[in-house]
Amino acid sequence: MRHVWGDLRWFEVKFKCIKCGICCIGTEMELTAEDIRRIEAAGYKMEDFVVEKDGVYRLKNVDGHCVFYDPATRMCKIYDIRPIGCRLYPLVFNGSSVEVDKTCPTWHTVPKSEVARLGPYVVEFLKEVERAKVKIKLRL
Ligand code: SF4
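Scope of this entry: the structure provided in the associated data block. (Residues numbered from 1 in each chain as written. Predicted model: local features only at pLDDT ≥ 70, side-chain atom pairs only at ≥ 80, totals over all residues. Heavy atoms only, no water.)

### What about unusual backbone geometry?
Thinking step 1. Geometrically, the link from Y89 to P90 is a cis peptide bond, its omega value of 15 degrees lying close to zero.
Thinking step 2. Tracing the backbone through its elements, the reader meets P90 in the loop between α3 (84-88) and β7 (91-93).
Thinking step 3. We note that D54 has phi near 55 degrees; this positive angle belongs to a residue other than glycine.
Thinking step 4. Residue classification places D54 among the exposed residues on the basis of a relative accessible area of 64%. (Helix = DSSP H or I, 4+ residues; strand = E, 2+ residues; numbered from the N terminus. Buried < 20%, exposed > 50% of the residue type's maximum accessible area, 1.4 Å probe, protein only.)

And the structure:
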């Protein structure tokens, strides 16, 4: 298994994203400690982009969409340093296995090979999310 999470671009799903922004509306995207540190290093304060819900850190919403989503341009303000979960989307864990989230209008363009390539990392990502609170508290 590849070292998590060296080159973040490697974890991006190769499919036909039409940049509709639907996945940025009412986001509940989980964050790893590395996501939080990377975004903080770009000058953002944790309290401005993180909420805690169901015991894990998640992206904050403002006006019903991700705090980093710009509705005027339909672009992510931190695209190059965006969280790992945003890169792995539309792959999601349904509680028992990894699947493609059908909320994404082009979900059907995700090749099976991408599910196979990145599925294990979706599971690893969620383990990292579980560790995030401890890591942030202890500054690990
Ligand atoms: S919902 Fe799907 S197609 Fe739309 S921006 Fe998100 S990943 Fe891309």
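That was the structure; now back to the text.
### What to know about the pairing of strand β1 (residues 50-53)
Thinking step 1. As defined by bridge partners, β1 adjoins strand β2 (residues 56-59) across four bridges and the pair is classed as antiparallel. Opposite V51, over in β2, you have R58 as the bridge partner.
Thinking step 2. The hairpin formed by β1 and β2 contains two residues between the paired strands, and D54 there has a positive phi angle of roughly 55 degrees. (Pairing = 2+ DSSP bridges.)

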